[in-house]
Amino acid sequence: MNEVVKLLIIYDSLTGNVQRFIEKLDMRSIKITPELFIDEPFVLITYTIGFGEVPKSIKRFLESNHRYLRGTIGSGNRNWGKFYCGAAETISMQYDVPLLHKFELSGNVNDVEKIKQEVLNIV
């Protein structure tokens, strides 16, 4: 793991795409669970449900953990058009944090490098 990239990545995955992407990142990461409480800066990676909606697990997590949210990243499918990565866009606006990147499905090498660079800019 790159020691320079120490910011924590918090994520949730419904279909496994975000999980596969997390494995490519090789960064400190924690999957959301109902009891998870974070007391350090983090970036959130989320999938989108329905027509650009934030998943309930993400909403519940952010209710008590948004204080240290430093940015959001979205996973999605471009077939959804204007709703592509809508959850990350909503979170970015709602919590006034940057939308760092959007990637399709489980991402690619370019997405991994882009996110690592964006996270370095936060720290």
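Structural notes, computed from the coordinates. Just so you know, these numbers come straight off a predicted model, no measurement behind them. Counting starts from 1 at the beginning of each chain's written sequence and moves along it residue by residue. Reporting of local features is limited, given that this is a predicted model, to residues whose pLDDT is at least 70; pairs of side-chain atoms are given and counted only at 80 or more, and all residues count toward the totals for whole chains, interfaces and linings. Side-chain figures throughout are based on the complete set of non-hydrogen atoms in the structure, without hydrogens or water.

Looking at the packing of aromatic side chains
Link 1 in the chain: Here a Phe, Tyr or Trp ring, Trp counted by its six-membered ring, pairs with any other such ring whose centre lies within 6.5 Å, and the pair is stacked when the planes are under 30 degrees apart, edge-to-face when over 60, and tilted otherwise. Going through the model one piece at a time under the given rule, you end up with three aromatic pairs.
Link 2 in the chain: Ring centres of Phe-51 and Phe-83 lie 5.4 Å apart, and the angle between their planes is 70 degrees; this geometry places the pair in the edge-to-face category. Linking Phe-51 in the loop between strand 3 (42-46) and helix 2 (56-65) with Phe-83 in the loop between strand 4 (69-76) and helix 3 (86-95), this pair joins segments that are 32 residues apart in sequence.
Link 3 in the chain: Burial status follows relative accessibility: with a 1.4 Å probe on protein chains alone, a residue under 20% of its type maximum counts as buried, one over 50% as exposed, and anything between as partly exposed. Looking at Phe-51, the relative accessible area reads 56%, which means it is exposed. Helix numbers and strand numbers start at the N terminus; a helix is a DSSP run of H or I with at least 4 residues, a strand a run of E with at least 2.

Comments concerning the nonpolar core
Link 1 in the chain: Grouping buried Ala, Val, Leu, Ile, Met, Phe, Trp, Tyr and Cys residues that are joined through side-chain atoms within 4.5 Å yields what is termed a nonpolar core. Counting 17 residues, the largest nonpolar core has Leu-25 and Ile-45 as the members making the most contacts within it.
Link 2 in the chain: At the level of elements, strand 1 (8-11), helix 1 (17-25), strand 3, strand 5 (99-104) and helix 4 (109-122) are the ones that each hand at least two residues to this core.
Link 3 in the chain: The greatest single-element share of this core, amounting to four residues, is contributed by helix 1.
Link 4 in the chain: Counting 16 residues, the second-largest nonpolar core is a separate cluster that includes Phe-61, Leu-62, Tyr-68 and Leu-69.

Considering the pairing of strand 3
Two faces make up the sheet, and in a regular strand the side chains alternate between them.
Link 1 in the chain: Taking burial as the measure, the five residues of strand 3 include five buried ones, the bulk of the element.
Link 2 in the chain: Side-chain alternation along strand 3 places Phe-42, Leu-44 and Thr-46 on one buried face and Val-43 and Ile-45 on a second face that is also buried.
Link 3 in the chain: Following DSSP output, two strands are said to pair if at least two bridges run between them. The pairing of strand 1 with strand 3 spans four bridges and is classified as parallel. Bridged to Ile-9 within strand 3 is Val-43.
Link 4 in the chain: Judged from the five bridges that link them, strand 3 and strand 4 form a sheet pairing that is parallel. Note that in strand 4 the partner of Ile-45 across the bridge is Ile-73.
Link 5 in the chain: If you view a crossover with the strands going away from you and the path from the first strand over the helix to the second runs clockwise, you call it right-handed. With respect to chirality, the unit in which strand 3 leads through helix 2 into the neighbouring parallel strand 4 is right-handed.

Here we look at the pattern of salt bridges
Link 1 in the chain: Within this document, salt bridges are pairs made up of a side-chain nitrogen of Lys or Arg and a carboxyl oxygen of Asp or Glu, the two lying within 4 Å of each other. All chains considered together, the criterion is met by four salt bridges.
Link 2 in the chain: In this structure, the salt-bridge partner of Glu-104 is Arg-78, at a minimum N-O distance of 3.5 Å. One end of the pair, Glu-104, is in strand 5; the other, Arg-78, is in the loop between strand 4 and helix 3, with 26 residues separating them in the sequence.
Link 3 in the chain: For Glu-104, a relative accessible area of 30% gives the class partly exposed.
Link 4 in the chain: The shortest N-O distance in the salt bridge between Lys-114 and Glu-118 comes to 2.9 Å. One end of the pair, Lys-114, and the other, Glu-118, are both in helix 4, four residues apart, so they sit about a helical turn from each other.

As for the side chain of Asn-17
Link 1 in the chain: Here Asn-17 shows up in helix 1.
Link 2 in the chain: Throughout this description, a polar contact denotes any pair of N or O atoms lying within 3.5 Å of each other; where both atoms belong to protein, one of them has to be capable of donating a hydrogen while the other can accept it, and for residues adjacent in sequence the pair is counted only when both atoms sit in side chains. Within the structure, Asn-17 has its side chain in polar contact with the side chain of Thr-15 (distance 3.4 Å).
Link 3 in the chain: When neighbours within four sequence positions are excluded, Asn-17 is seen to be in contact with Ser-75, Leu-105 and Ser-106. In what follows, a contact means two residues having at least one pair of non-hydrogen atoms within 4.5 Å.

Worth remembering: the numbers are spatial, not functional.
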